[in-house]
Amino acid sequence: MKYDVVVVGGRLGGSTSSLFASKGGLDVLMIEKRQEIGTPVQCAEATTNETFNILEIEPSPKYLCTDIKGVDFYAPSGKHFRVKGNNMYGFMEGYVLERKIFDKQLAIESAKAGTDIMVKTTVKELIRKDGNVCGVVAKHLGKTVEIKADIVIAADGLESNIARMAGLKTVNKTEDIASCAQYEMVGMDIDPNYLQIHHGAKIAPGGYLWIFPKGDGVANIGLGVINSKETAIYHLNKFIKKFDATPVELNIGGVPLAGPMEKTYSSGLMVVGDAAGQVDPMNGAGIQNTVKCGRIAGEVAVEAIENEDTSSKYLKKYEDQWRSAIGKTLETSLRYQKIFQNLKDDDFNVLAEFLEGKNVESISKLSILKFLKNYPHLITLLFNVFILKQ
Ligand SMILES: Cc1cc2nc3c(=O)[nH]c(=O)nc-3n(C[C@H](O)[C@H](O)[C@H](O)COP(=O)(O)OP(=O)(O)OC[C@H]3O[C@@H](n4cnc5c(N)ncnc54)[C@H](O)[C@@H]3O)c2cc1C
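Residues numbered from 1 in each chain as written. Predicted model: local features only at pLDDT ≥ 70, side-chain atom pairs only at ≥ 80, totals over all residues. Heavy atoms only, no water.

Moving on: the pattern of salt bridges. Under the criterion given, the structure shown has 20 salt bridges. In this structure, Lys69 and Glu93 form a salt bridge, with 3.9 Å as the shortest nitrogen-oxygen distance. Here Lys69, found in the loop between strand 4 (64-68) and strand 5 (70-74), pairs with Glu93, found in the loop between strand 6 (80-84) and strand 7 (94-97); they are 24 residues apart in sequence, far enough to count as distant. Lys100 serves as the salt-bridge partner of Glu249, at 2.7 Å between the closest nitrogen and oxygen. Separated by 149 residues along the polypeptide, Glu249 in strand 16 (residues 246-256) and Lys100 in helix 3 (residues 99-112) bring together distant segments of the chain. By relative accessible area, which is 27% here, Lys100 ends up partly exposed. Within the structure, one salt-bridge network assembled from shared partners comprises Glu45, Glu98, Lys100, Glu184, Lys214 and Glu249. (Salt bridge = Lys/Arg side-chain N within 4 Å of Asp/Glu carboxyl O. Helix = DSSP H or I, 4+ residues; strand = E, 2+ residues; numbered from the N terminus. Buried < 20%, exposed > 50% of the residue type's maximum accessible area, 1.4 Å probe, protein only.)

Listed below in structure tokens is the structure:
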């Protein structure tokens, strides 16, 4: 078998890169190790309108659960404040999706554009010649198959082996991964248009808890912890006791929070999505970034094949383009993540008290300075989040 491009992994990164490579006229094969694309879900399923602009796809009611207008932030004390979407701080309006359906639909769009797909097929090795990646060896229903390709796109997620096989330095140390657990629960009496984020060392040590509405009393309630003595599911089970609601699904997964790999390409290879660490390290959001980088990888593959140049030097275009699109944001988020990780419960409490009921876009510098008189240790946070943005 020979293709222009083989894509390893059949979820967001894989379907987006294969979609844009196929749209550009290439022969593309996407390989997914699971028997069904999109399951099990490892996501709280919220994303922005921008995701659909990047995909050039009209969002479909088949997988849209609710429209999201903003976020309610809760301190450990229960005090909270609301940040509305599409504001100067970069919060965007968006949706909560049914990702089981969305991921599969994206694979269907890619197949319609011409991508061949193999499911229940695991890539075991890369084929290399003179140091260049030129295909994969995969296992399909007990049989070993060799597939040659001019370019391999590794979209194999957090558990990625492909980048490492190509000699790239991956970033996922255990202490850099938020370990997450989530229930989809029924019987939740919450605002269907606002995401909830809850902070607190007893709620989610080193991370945060989310309640993302899916409409009709259904919501994803999950949390991520870093370096916690107890597991994510222990903390989650403790938190959900207060609700008169019942789970219909449990998801477990990890989010890489160390920022992107140093180098996401080599000769004949590009790395996309969670495999490349392109998740936002501040909030763990990866959907929009993954489709952005997946699209760039697919389009660069088209140009590389047209120019008959799949060398490392040519594929550097991929890295240059995705860094110019999201590199700065990832760097800022990494800085915020470090600031937030050092906040104590009392800090969240006083911040929520200060911000409760305020429109965060019109907080005056004078009131921030007055607040800082009493809480000078919060200057780095407030300076970065409010003053620099105004
Ligand atoms: C608990 C949790 C909550 C999250 N919530 C949100 C959220 O609300 N909003 C948001 O924007 N982001 C969220 N994220 C992040 C987001 O889900 C990911 O960033 C995104 O799904 C990454 O997509 P991907 O295609 O890169 O990787 P994945 O979705 O991990 O897909 C990789 C695919 O590759 C396949 N694969 C792996 N190895 C092989 C192999 N050798 N051969 C063949 N196939 C292989 C896997 O089976 C898998 O299907 C969350 C993540 C977690 C864990």
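Glancing now at the site of the ligand. The local shell around the ligand holds 36 residues, among which Gly13, Glu32, Ala44, Ala46 and Asp274 are the closest. The separation between an oxygen atom of the ligand and a polar side-chain atom of Glu32 is 2.6 Å. Between the ligand and Ala44 there is a distance of 2.8 Å, counted from a nitrogen atom to a backbone nitrogen or oxygen. Coverage of the ligand by the protein chains reaches 93% of its 1000 Å² of free accessible surface. For the shell around the ligand, the secondary-structure elements that each account for two or more residues are helix 1 (12-23), strand 9 (121-129), strand 14 (208-215), strand 16 and helix 6 (287-306). (Near = heavy atom within 4 Å. Polar contact = N/O pair within 3.5 Å; in protein donor to acceptor, adjacent residues only side chain to side chain. Areas by Shrake-Rupley, 256 points an atom, 1.4 Å probe, with all protein chains shown as cover.)

Right, let's talk about unusual backbone geometry for a bit. Residues apart from glycine generally show negative phi values, whereas peptide bonds are mostly found in trans. Here the bond from Thr39 into Pro40 is cis, since omega is -10°, no more than 30 degrees from zero. Relative to the elements of secondary structure, Pro40 occurs in the loop between strand 2 (28-31) and strand 3 (46-48). With a phi close to 80°, Glu45 is a non-glycine residue in the positive phi region. You can call Glu45 buried: its relative accessible area is 2%.

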